[in-house]
Amino acid sequence: MATYSKSTVASGSDSFIDFCCFPCLEHKIDQWADFYCENCQKCYCAKCINLHSQLFGTHVTYGRGDTSKWPVCKEVEDFLQKCDLHDDKHLEMFCEDHSQLCCTNCAFLNHRLVRHIFAFKDFFVVRDYSIQPYSDKKNSSSFL
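Residues numbered from 1 in each chain as written. Predicted model: local features only at pLDDT ≥ 70, side-chain atom pairs only at ≥ 80, totals over all residues. Heavy atoms only, no water.

A.B. asks: Teacher, can you tell me more about the packing of aromatic side chains here?
C.D. replies: Both the distance between ring centres and the angle between the ring planes are used here to describe each pair of aromatic rings. Following the criterion strictly, the structure yields 2 aromatic pairs and no others. Measuring from ring centre to ring centre gives 4.9 Å for F19 and W70, while their planes differ by 75°; the resulting arrangement is edge-to-face. Of this pair, F19 sits in the loop between β2 (16-17) and α1 (22-26) while W70 is found in the loop between β5 (61-63) and α3 (74-81), placing the two residues 51 residues apart along the sequence. Each of the two residues, F19 as well as W70, counts as buried. Consider the rings of Y36 and W70, whose centres lie 6.2 Å apart with planes at 35°: the pair is tilted. Remark: W70 occurs in the loop between β5 and α3 and Y36 occurs in strand β3 (residues 35-37); sequence separation between them is 34 residues. Under the relative-accessibility criterion, Y36 is labelled buried at 6%. (Phe/Tyr/Trp six-rings, centres within 6.5 Å; stacked < 30°, edge-to-face > 60°. Helix = DSSP H or I, 4+ residues; strand = E, 2+ residues; numbered from the N terminus. Buried < 20%, exposed > 50% of the residue type's maximum accessible area, 1.4 Å probe, protein only.)

Quick look at the structure:
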């Protein structure tokens, strides 16, 4: 798993490092990551990527220009899944009538009269957005 963001505010700095270099972090050094290795699923600074490339020349790495191919920070993922009104709740429901994501508390309090509210897992099953048909095709195909 990749090493993710880290705030350095506690150490007296007001900066925020979005991705930390994994080897540097193991040595208790807060170093901004410049590269992500898809094979290792770890981030590296410019100095560490040189050593990594010497050892693992065939690994696929992405620089800062390709951050769309980097993993989502755990903190960002957690933030996106939290309810704005109920910090202790995760977004688990979708109100189709309001086109709104909501937690179970919001669903009960604010969407009681709505006819089309679904748990995420039910919404994707009801709407047939399942990936099962695609995986069946892939598994049934013969590869030469």
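A.B. asks: When you look at the environment of H52 in this model, what are you seeing that I'm missing?
C.D. replies: Structurally, H52 is set in helix α2 (residues 46-55). It is 9.1 Å that separates the C-alpha atoms of H52 and C37, two residues lying 15 residues apart in sequence. Apart from residues lying up to four places away in sequence, H52 is in contact with C37, C40, Y44, H59 and T61. (Contact = heavy atoms within 4.5 Å.)

A.B. asks: Honestly, the sheet that holds strand β8 (residues 117-119) in this entry has me stumped. Any pointers?
C.D. replies: Across the sheet, 3 strands lie side by side as β7-β6-β8; this open sheet has antiparallel pairing. At either end of the open sheet lies a strand with only one pairing partner, and these are β7 (100-102) and β8. Within this sheet the neighbouring strands show an average axis-to-axis angle of 25°, counted without direction. In this structure, strand β6 (residues 93-95) lies alongside β7, joined through 3 bridges in antiparallel fashion. Residue pairing for β7: M93 is matched across the bridge by C102. (Pairing = 2+ DSSP bridges. Axes fitted to C-alpha atoms, helices over the stretch in contact; angles between N-to-C directions.)

A.B. asks: Any chance you could explain the side chain of H86 here in plain terms?
C.D. replies: Along the chain, the position of H86 falls in the loop between α3 and β6. Accessibility expressed as a relative area gives 18% for H86, which makes it buried. Here H86 is in contact with C103, N105, C106 and L109, once residues within four sequence places are set aside.

A.B. asks: I would appreciate a short explanation of the UniProt feature "domain: B box-type" (unreviewed entry) in the protein in the present structure.
C.D. replies: When the UniProt feature table is mapped to this numbering, "domain: B box-type" (unreviewed entry) covers residues 24-59 and 78-116. Split by type, residues 24-59 is 36% helix and 17% strand. Its first and last C-alpha atoms lie 20 Å apart. As annotated, residues 78-116 comprises 28% helix and 15% strand, and the C-alpha atoms at either end are separated by 26 Å. (UniProt positions renumbered as here; feature names shortened; annotations may be inferred.)

A.B. asks: Would you mind showing me how to read the sheet that holds β3 here?
C.D. replies: Two strands in a sheet stick together by hydrogen bonds in their backbones, pointing the same way (parallel) or opposite ways (antiparallel). With respect to topology, 3 strands assemble into an open sheet ordered β4-β3-β5, the strand pairing being antiparallel. The open sheet has two edge strands, β4 (42-44) and β5, and neither has a second partner. Direction aside, neighbouring strands of the sheet carry axes that sit 25° apart on average. Pairing analysis gives 3 bridges linking β3 to β5, with the strands arranged antiparallel. Within β5, the position partnered with Y36 by the bridge is Y62.

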